[in-house]
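Here is how the chains run, residue by residue.
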Amino acid sequence: EGGRAPRTPMAWRSETPRRIPPRLLDAGLGLHALRPVPMVGREEERDRLWSALAEVNQVWTPRAVLVHGSAGVGKTRLVDWLAERAHELGVADVVRFTRNAAEARALVEASAGGRPVVLVLDDVHNSVAALGLAWSLLEFPLALPVLLVMTARAEGLAEAQDASRALATIAA
C-alpha cells in the first residue's frame, strides 16, 4: 500500500490493561501534573469519533465531524482525546488550526503522505477562516485523508446564524 499508516483499529480500547509502575503507587498528589487525567465515560462519543477516523483511513477521503454543546461540557477534552489516541497508536498525524488557513492547509498537505490527518478546528462558530478551510478541504478534495474535527458552542451557533448554516452544510 505504498507507505500508508497501519490500519486504524476498529476499537480504540486497549486489549491489555494499563499497569501503574510500582514506584508510582502511593506517590500522592504531587504527581498530578506528571500524568494526564484519564478520559472517563463518553464511550458513545469516543466510538463515533474513532469510527469517523477509521472511515477516513479506509476510504482515503476527507470527512468532517462536529462536536457541539454548551461551554464547559468537555468538547475540547473529547477532541484532544481523539488526537492523543490517534497519535499514540500511530494511525494519524494531528494538525491544529490556529488562525492561518493557508498555513494549516499546507501542514495538512505536508502531513497527509502516509497516514490520515486529524485537523482540529476549535470554536468554529467564531472563525470564518476555519469554516473556509473546512469547506475548501471538503469541496475540493485533493485525495487527502483528513478528518476535520470541529468544535462549536451551542450558544455560539445560536448567535452566529451564518456560521450555523455553513456548519450544517460542511458536517452533513
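If you're wondering where the values come from, they're calculated on a predicted model, not measured in any experiment.

Draft legend 1. Region of interest: the overall build of the protein. Counting its regular elements, the protein contains six helices and four strands. The secondary structure elements of the protein, listed N-terminal to C-terminal, are α-β-α-β-α-β-α-β-α-α. The buried share of the protein, reckoned over its 172 residues, is 38%. Summarising the internal contacts of the protein: among those between residues at least 6 apart in sequence, 78% fall at separations of at least 24. In the structure as shown, the protein presents an accessible area of about 10200 Å², 54% of it carried by carbon and sulfur atoms.

Draft legend 2. View of helix 1 (residues 43-59). Here helix 1 spans 24 Å end to end across 17 residues, near enough to the 24 Å set by a 1.5 Å rise per residue. Considered for burial, the residues of helix 1 that qualify are Arg46, Leu49, Trp50, Ala52, Leu53, Ala54, Val56 and Asn57. One or two residues past the end of helix 1 sits Trp60, with phi positive at roughly 60°.

Draft legend 3. Quick peek at the layout of surface pockets. Roughly 300 Å³ of volume is contained in the second largest pocket. Lining the second largest pocket are 15 residues; nearest its centre among them are Glu45, Arg48, Leu49, Leu66 and Val67. Mapped onto the lining of the second largest pocket, the elements with two or more residues apiece are helix 1, strand 1 (63-69) and helix 2 (75-89). Counting residues per element, the lining of the second largest pocket draws most heavily on strand 1, at six residues. Among the residues making up the lining of the second largest pocket, the classes are represented as nine nonpolar, one polar and five charged.

Draft legend 4. Broad picture of the packing of aromatic side chains. If you walk through the whole model with that rule in mind, you get one aromatic pair. Directly above the ring of Trp81 sits Arg46, whose terminal nitrogen or CZ lies 5.3 Å from the centroid.

Draft legend 5. Summary view of the pattern of salt bridges. Counted by the stated rule, this structure contains eight salt bridges. Among the salt bridges present, the one from Arg96 reaches Asp80, with a minimum N-O distance of 3.1 Å. Here the residue Arg96 occupies a position in strand 2 (residues 93-96), and Asp80 occupies one in helix 2, the gap between them amounting to 16 residues.

Draft legend 6. Representation of helix 3 (residues 101-111). Among all positions of helix 3, only Ala104, Arg105 and Val108 are buried. End-on, the buried residues of helix 3 take up no more than an arc of 100°, which puts them together on one face. Exposed and oriented more than 90 degrees from the buried face of helix 3 are Ala102 and Ala110. For helix 3, the elements touching its buried residues are strand 2, strand 3 (117-121), helix 4 (128-139) and strand 4 (146-153). Where helix 3 begins, the side chain of Asn100 points an oxygen toward the backbone nitrogen of Ala102, at a separation of 3.0 Å.

Draft legend 7. Seen up close, the sheet that holds strand 1. Here we have four strands laid out as an open sheet, ordered 1-4-3-2, and parallel in their pairing. What marks the edges here is a single partner per strand, and that holds for strand 1 and strand 2. The average undirected angle you get between the axes of adjacent strands in this sheet is 20°. Most of the contacts of helix 2 go to strand 4, to which it runs at about 165°, and overall it touches strand 1, strand 2, strand 3 and strand 4.

Draft legend 8. Local environment of the packing of helix 1 against helix 2. Closest axis-to-axis distance for the helix 1/helix 2 pair is 10 Å, and the angle between their directions is 50°. Considered as vectors, helix 1 and helix 2 are oriented oblique to each other. As for the relative orientation of helix 1 and helix 2, their crossing is right-handed in sense. Contact residues: helix 1 offers Glu45, Arg46, Leu49, Trp50 and Leu53, while helix 2 offers Leu78, Trp81, Leu82, Arg85, Ala86 and Leu89. Within the contact of helix 1 with helix 2, the residues separate by chemical class into eight nonpolar, no polar and three charged.

Cut-offs used in this document
- Within each chain, residue numbers correspond to sequence positions counted from 1 in written order.
- Only residues with pLDDT of at least 70 get local features here, since the model is predicted, and only at 80 or more are side-chain atom pairs given and counted; chain-wide, interface and lining totals rely on the full set of residues.
- Only heavy atoms go into the side-chain values, all of them from the structure, while hydrogens and water stay out.
- Numbering of helices and strands runs from the N terminus, with a helix taken as a DSSP run of H or I at least four residues long and a strand as a DSSP run of E at least two residues long.
- Burial here depends on accessible area, computed with a 1.4 Å probe over protein chains only, as a share of the maximum for the residue type. Under 20% is buried, over 50% is exposed, and the range in between is partly exposed.
- Note on contacts: a residue pair qualifies if any of its non-hydrogen atoms lie within 4.5 Å across the two residues.
- Every accessible area reported is derived by Shrake-Rupley at a probe size of 1.4 Å, with residue values counting cover from the shown protein chains alone.
- Under the convention used throughout, the expected extent of a helix is 1.5 Å for every residue step, that is, one less than its residue count.
- Cavities and pockets are found on a 1 Å grid laid over the protein atoms alone: a cavity is a set of points where a 1.4 Å probe fits but cannot escape, a pocket is an open set with protein on both sides within 12 Å along at least five of seven lines, and a lining residue has an atom within 4 Å of such a point.
- Grid points are joined across faces, edges and corners, and a volume is the space filled by probe spheres set on the points.
- The nonpolar class holds Ala, Val, Leu, Ile, Met, Phe, Trp, Tyr, Cys and Pro. Asp, Glu, Lys and Arg form the charged class, and all remaining residues, Gly among them, are polar.
- In this scheme Phe, Tyr and Trp rings, the latter by its six-membered ring, pair at centre separations within 6.5 Å, and the angle between planes marks the pair as stacked below 30 degrees, edge-to-face above 60, and tilted otherwise.
- In this scheme, the term charge over a ring applies when either NZ of a lysine or CZ of an arginine sits within 6 Å of the ring centre and within 35 degrees of the ring normal.
- A carboxyl oxygen of Asp or Glu within 4 Å of a side-chain nitrogen of Lys or Arg is what we treat as a salt bridge.
- Here, the arc refers to the directions that run from the helix axis to the C-beta atoms.
- Within 3.5 Å is the distance limit for a polar contact, defined as a pair of N or O atoms, with the added protein rule that one can donate a hydrogen and the other accept it, and that residues adjacent in sequence qualify only through two side-chain atoms.
- Pairs of strands are assigned from DSSP output, requiring at least two bridges between the strands.
- Angular values range over 0 to 180 degrees, each being the angle between N-to-C directions of two axes fitted as lines to C-alpha atoms, with helices fitted over their stretch in contact.
- Orientation categories follow fixed angle ranges, with anything under 35 degrees roughly parallel, anything over 145 roughly antiparallel, 65 to 115 roughly perpendicular, and all other angles oblique.
- Here a crossing is called left-handed whenever its near helix is offset anticlockwise from the far helix by less than a right angle, and right-handed whenever the offset is clockwise.

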